[in-house]
Amino acid sequence: MATATATESGSVSLVNISTEKWPPRHRTYFGSLEVRSPEPGEAYAITPIRGCTGVIDMGDKRNMDIRITAREIAEDIAREINGDSGEGSFHGVFVAAGTEPTETELADARRRLKEFQSRLVAAADLEWERTKNPMFITDLERRAARQLGVEKPWLYDSRPLAECPVCAEKIKHGVAVCRSCGAILDREKAAQYGLVGARRRERQKDSENPSEAAKQEIEAGK
Ligand SMILES: [Zn+2]
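In every chain, residue numbers begin from 1 and rise along the written sequence. Local features in a predicted model are, by the rule used here, given only for residues with pLDDT of at least 70; side-chain atom pairs are given and counted only at 80 or more, and totals for whole chains, interfaces and linings are based on all residues. Computation of side-chain values covers all heavy atoms of the structure but excludes hydrogens and water.

## Some points on empty space enclosed by the protein
Condition: Only protein atoms enter the 1 Å grid, on which a cavity is a set of points fitting a 1.4 Å probe that cannot get out and a pocket is an open set with protein on both sides within 12 Å along at least 5 of 7 lines, lining residues being those with an atom within 4 Å of a point. Grid points are joined across faces, edges and corners, and a volume is the space filled by probe spheres set on the points. A helix here means a DSSP run of H or I that spans at least four residues, while a strand means a run of E at least two residues long, and both kinds are numbered starting from the N terminus. Residue polarity is assigned by list, with Asp, Glu, Lys and Arg as charged and Ala, Val, Leu, Ile, Met, Phe, Trp, Tyr, Cys and Pro as nonpolar; anything else, Gly included, falls into the polar class.
Here the structure, examined in full by the defined rule, presents one cavity of 30 Å³ or more. Forming the walls of the largest cavity are Ser-18, Glu-20, Phe-90, His-91, Leu-113, Phe-116, Gln-117, Leu-120, Leu-140, Arg-143, Ala-144 and Gln-147. For the lining of the largest cavity, the secondary-structure elements that each account for two or more residues are α2 (103–131) and α3 (139–148). Here the lining of the largest cavity is composed, by residue class, of six nonpolar, four polar and two charged.

## Side note on the nonpolar core
Convention followed: Joining through side-chain atoms within 4.5 Å is the link that ties buried Ala, Val, Leu, Ile, Met, Phe, Trp, Tyr and Cys residues into a set, and such a set is a nonpolar core. Burial status follows relative accessibility: with a 1.4 Å probe on protein chains alone, a residue under 20% of its type maximum counts as buried, one over 50% as exposed, and anything between as partly exposed. It only takes one pair of heavy atoms within 4.5 Å for two residues to be counted as in contact.
Grouped together as the largest cluster of nonpolar side chains are 20 residues, with contacts concentrated most on Val-15, Ile-17, Phe-94 and Trp-154. Elements represented by at least two residues in this core include exactly α2 and α3. Looking at this core, the element that brings in the most residues is α2, giving eight residues. When near neighbours in sequence (up to four residues on either side) are disregarded, Val-15 contacts Tyr-44, Ala-45, Ile-46, Gly-92, Val-93, Phe-94, Ala-96, Pro-101 and Leu-106. If you look at the next biggest cluster of nonpolar residues, it comprises 17 residues, including Trp-22, Ala-70, Ala-78 and Val-95.

## A short note on the coordination of the zinc ion
Condition: In this listing, donors mean N, O and S atoms no farther than 2.8 Å from the metal, or 3.2 Å for Na, K and Ca; water is missing from the atoms, so a site can look incomplete. Between 85 and 135 degrees for all angles marks four donors as tetrahedral; over 155 degrees for opposite donors together with 65 to 115 for all other angles marks four donors as square planar and six as octahedral; every other arrangement is irregular.
Surrounding the zinc ion are the protein donor atoms Cys-164 (SG), Cys-167 (SG), Cys-178 (SG) and Cys-181 (SG), which sit 2.2 to 2.4 Å from the metal. Between the four donor atoms coordinating the zinc ion, the angles at the centre fall across 103 to 113°, so the site counts as tetrahedral. Here the donor residues of the zinc ion share one chain and are spaced in sequence as C-x2-C-x10-C-x2-C. One end of the pair, Cys-167, is in the loop between β8 (162–163) and β9 (170–171); the other, Cys-181, is in the loop between β9 and α4 (187–192), and 14 residues separate them in sequence. Since its relative accessible area comes to 28%, Cys-167 is described here as partly exposed. A relative accessible area of 38% means that Cys-181 is categorised as partly exposed.

## Considerations on the confidence of the model for the protein
Detailed conclusions should not be drawn from predicted coordinates in areas where pLDDT is low. Applied cut-off: Values of pLDDT, the confidence the predictor places in each residue, fall between 0 and 100.
Residues with a pLDDT of 70 or more make up 82% of the protein, whose mean pLDDT is 83. The low-confidence segment residues 1–8, where pLDDT is below 50, has 15 contacts with residues more than four positions distant or belonging to other chains. Ignoring residues within four places in sequence, the model shows residues 217–222, a span with pLDDT below 50, making four contacts including any to other chains.

## A short note on α3
Buried within α3 are the following residues: Leu-140, Glu-141, Arg-142, Ala-144 and Ala-145. Packed against the buried residues of α3 are α2. In the stretch just after α3, Gly-149 is the one whose phi turns positive, near 70°.

Have a look at this one:
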């Protein structure tokens with residue numbers, strides 16, 4: 001922070017068009033600040049930002065007061081939030097020129113947000129084509145697709161089949177018992193549905209020594 005022009009003193013408006021909730025922003029010179037998100041039915045939310053005075057430690061017990069303008073703080077926060085997700089990332093936060101955002105400013109922000117979200121969806125499409133694995137689709141990409149209102153196969157849990165560790169047969173994720181060889185893959189679940197005895201005392205012991213329990217599990221499956 002080398003220079004700070006002390007011309008502005010009033011507050012500026014940090015505008016957010018995305019319904020996403022951001023964790024509070026922290027700065028040594030103003031503490032914690034929460035960026036507002038629009039409520040249902042609102043097109044945008046404004047967080048007023050004020051300028052403040054920061055103190056720079058110059059060493060040798062010398063401090064220097066430095067005026068940080070409202071606009072500098074707001075631009076800094078907008079940059080931090082928008083830049084959160086790599087190259088060209090934009091999350092719908094900008095600093096308005098006036099106290100209220102103009103239609104042009106809002107339209108511009110909406111266009112940038114849509115562009116960024118479309119890029120995320122395109123990246124997810126590519127990943128899906130390559131791997132067909134929803135594990136590689138990020139939360140950010142899913143959220144982008146939902147906000148754009150597009151239907152994608154990777155929005156849902158359509159994981160490819162798993163493999164039974166005992167007989168290597170293709171099985172569905174989360175099954176308690178292998179349909180092919182009858183191995184118990186999830187004892188807790190199997191017990192819950194009466195497929196095996198609950199054996200409460202043994203389970204208690206198992207939880208105390210999970211590695212031993214895992215060993216027993218493998219032996220039982222053989
Ligand atoms: Zn099996």
